[in-house]
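Geometric and topological summary
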Amino acid sequence: QVQLVESGGGLVPPGGSLRLSCAASGRIWNIDAMGWYRQAPGKERELVAQITDAGTRKYVDSVKGRFTISRDGVKNTVYLQMNSLKPEDTAVYYCNAQRVGSTTWYHEIWGQGTLVTVSS
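In this report, we go over the structure that sits alongside the text. Residue numbers run consecutively from 1 along every chain, following the written order of its sequence. Given that this is a predicted model, residues contribute local features only at a pLDDT of at least 70 and side-chain atom pairs are listed and counted only at 80 or more, while totals for whole chains, interfaces and linings are drawn from all residues. Heavy atoms throughout the structure, all of them, feed into the side-chain values; hydrogens and water do not.

1. Let's talk about the packing of aromatic side chains
Side-chain rings of Phe, Tyr and Trp (the six-membered ring for Trp) are treated as a pair once their centres are within 6.5 Å; stacked means planes under 30 degrees apart, edge-to-face means over 60, and tilted covers the remaining angles. A full pass over the atoms with the stated rule returns two aromatic pairs. Consider the rings of Trp-29 and Trp-105, whose centres lie 4.9 Å apart with planes at 75°: the pair is edge-to-face. Placement of the pair is Trp-29 in the loop between β3 (18–25) and β4 (30–39) and Trp-105 in strand β10 (residues 105–110), with a sequence separation of 76 residues. Between Tyr-37 and Trp-110, the aromatic rings sit 4.9 Å apart at their centres with planes inclined by 65°, giving edge-to-face as the arrangement. Here Trp-110 lies in strand β10 and Tyr-37 lies in strand β4, a separation of 73 residues in the sequence. Summary of the burial criterion: residues with accessible area below 20% of their type's maximum are buried, those above 50% are exposed, and those between are partly exposed, where the area comes from a 1.4 Å probe applied to protein chains only. On the accessibility criterion, Tyr-37 (16% relative accessible area) is buried. We classify Trp-110 as partly exposed; its relative accessible area is 32%. Only lysine NZ and arginine CZ atoms are considered, and such an atom sits over a ring when it is within 6 Å of the ring centre and within 35 degrees of the ring normal. In this arrangement the basic side chain of Arg-45 is found over the ring face of Tyr-94, its NZ or CZ atom lying 3.8 Å from the centre. Directly above the aromatic system of Trp-110 lies the positively charged group of Arg-45, at a separation of 4.7 Å from the ring centroid. Secondary structure elements follow DSSP: runs of H or I no shorter than four residues count as helices, runs of E no shorter than two count as strands, and numbering proceeds from the N terminus.

Written out as structure tokens, the structure is:
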């Protein structure tokens with residue numbers, strides 16, 4: 001069974017930085033795309049950043065120039081480097097993997113979420 005294990009959340013002051021990590025465990029031979037979503041209190045979950053197996057990246061407009069997504073294909077791990085954090089970045093961040101090939105195919109897998117709080 002494939003699982004996504006996230007780490008790196010926490011409390012950071014405005015202007016600070018955090019790095020989130022998400023590792024996919026299990027016998028995996030394909031992941032089409034990995035990414036990060038976030039959900040703030042009272043708001044819908046939104047895509048923050050995504051990277052495909054070909055290296056194509058996309059970001060939500062509000063984080064462009066501040067966040068960078070990267071991926072280690074050998075380790076099946078995705079990272080989100082978050083700089084110049086703002087209070088409005090406060091949310092639970094969820095790792096996501098799409099079209100995962102293992103002992104079976106998974107259309108989509110989610111991590112358990114990690115809380116990021118930006119506050120002084």
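On we go from here.
2. Description of the state of the cysteines
Only a pair of cysteine sulfur atoms within 2.5 Å qualifies as a disulfide here. If you walk through the whole model with that rule in mind, you get one disulfide. Between the sulfur atoms of Cys-22 and its disulfide partner Cys-95 the distance amounts to 2.0 Å. Residues Cys-22 and Cys-95 share a disulfide whose torsion about the S-S bond is about -85°; that sign makes it left-handed. With Cys-22 in strand β3 and Cys-95 in strand β9 (residues 91–101), this pair connects stretches of sequence that are 73 residues apart. Residue class for Cys-22 comes out buried when judged on its relative accessible area of 0%.

3. Regarding the environment of Lys-64
Secondary-structure assignment places Lys-64 in the loop between β6 (57–59) and β7 (67–72). For the pair Lys-64 and Gly-10, spaced 54 residues apart in sequence, the C-alpha to C-alpha distance is 21 Å. For the purposes of these results, a polar contact is taken to be a pair of N or O atoms within 3.5 Å, where, inside protein, one atom must be able to donate a hydrogen and its partner to accept one; residues adjacent in sequence count only when each atom of the pair is a side-chain atom. Side chain to side chain, Lys-64 and Asp-61 meet in a polar contact 2.9 Å long.

4. Section: the pairing of β4
Of all 10 residues in β4, eight are buried; the element is thus mostly enclosed. Two strands are counted as paired when DSSP detects at least two bridges linking them. Judged from the nine bridges that link them, β4 and β9 form a sheet pairing that is antiparallel. Along β9, the bridge assignment pairs Met-34 with Ala-97. Here β4 runs beside strand β5 (residues 46–52); their pairing, made up of six bridges, is antiparallel.

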